[in-house]
Amino acid sequence: MLTTENPEIRGQLVELLNINSFTTEEQDQIIQHLNELVSEKIFEFALDNLSDKDKDTLENISEDEDISGLVAFLKEKIPTYDEQVKTIVDDVVTKLKAF
């Protein structure tokens, strides 16, 4: 996931988004919104690719807010999870660069 806690990733996002002149607080808000957008797209992808039983399990795992458990579950249930997440992130980045 995107994060403002990792300085290297944060710096790359600030540069990619061309928000260098914004305050740190504004940068963090923008990055948080981007994180929410990407997370939402990943969640939609997951729901489209899981059985009804697995969707129920996903909802229970999501309530725990343990991202590592959630990702492990999705990787187990969706063999192409990593590739699809990369595609989602690449798509968002491409759209941002075009904007």
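Below you will find a few notes about this structure. Computed from a prediction, not measured in an experiment: that's the story for all the values here.

How each quantity is defined
Residues numbered from 1 in each chain as written. Predicted model: local features only at pLDDT ≥ 70, side-chain atom pairs only at ≥ 80, totals over all residues. Heavy atoms only, no water. Helix = DSSP H or I, 4+ residues; strand = E, 2+ residues; numbered from the N terminus. Buried < 20%, exposed > 50% of the residue type's maximum accessible area, 1.4 Å probe, protein only. Contact = heavy atoms within 4.5 Å. Lys, Arg positive; Asp, Glu negative; His and termini not counted. Charge placed at Lys NZ, Arg CZ, Asp CG, Glu CD. Axes fitted to C-alpha atoms, helices over the stretch in contact; angles between N-to-C directions. Parallel < 35°, antiparallel > 145°, perpendicular 65-115°, else oblique. Left-handed = near helix turned anticlockwise from the far one by under 90°. Nonpolar A, V, L, I, M, F, W, Y, C, P; charged D, E, K, R; others polar.

**As for the overall build of the protein chain**
Line of reasoning, step 1. A count of helices and strands for the protein chain gives five helices and zero strands.
Line of reasoning, step 2. Secondary structure of the protein chain in N-to-C order comes out as α-α-α-α-α.
Line of reasoning, step 3. Here the protein chain, with 99 residues, has 26% of them falling under the buried criterion.
Line of reasoning, step 4. Partitioning the intrachain contacts of the protein chain with sequence separation of at least 6 by distance along the chain shows that 46% fall at a separation of at least 24.
Line of reasoning, step 5. Taking the average location of the 9 positive side-chain charges in the protein chain and that of its 23 negative ones, the two points are 7 Å from each other.

**Quick word on the packing of helix α3 (residues 52-64) against helix α4 (residues 67-77)**
Axes are the key here: two packed helices are described by the angle between their axes and the distance separating the axes.
Line of reasoning, step 1. One way to put it is that α3 packs onto α4 with a least axis distance of 9 Å and a crossing angle of 165 degrees. Relative to α4, the element α3 is oriented roughly antiparallel. Between α3 and α4 the crossing geometry is left-handed. Residues D54, T57, L58, I61 and S62 of α3 touch α4, and the partners they reach there are G69, L70, F73, L74 and K77.
Line of reasoning, step 2. Of the residues assigned to the contact of α3 with α4, the class counts are five nonpolar, three polar and two charged.

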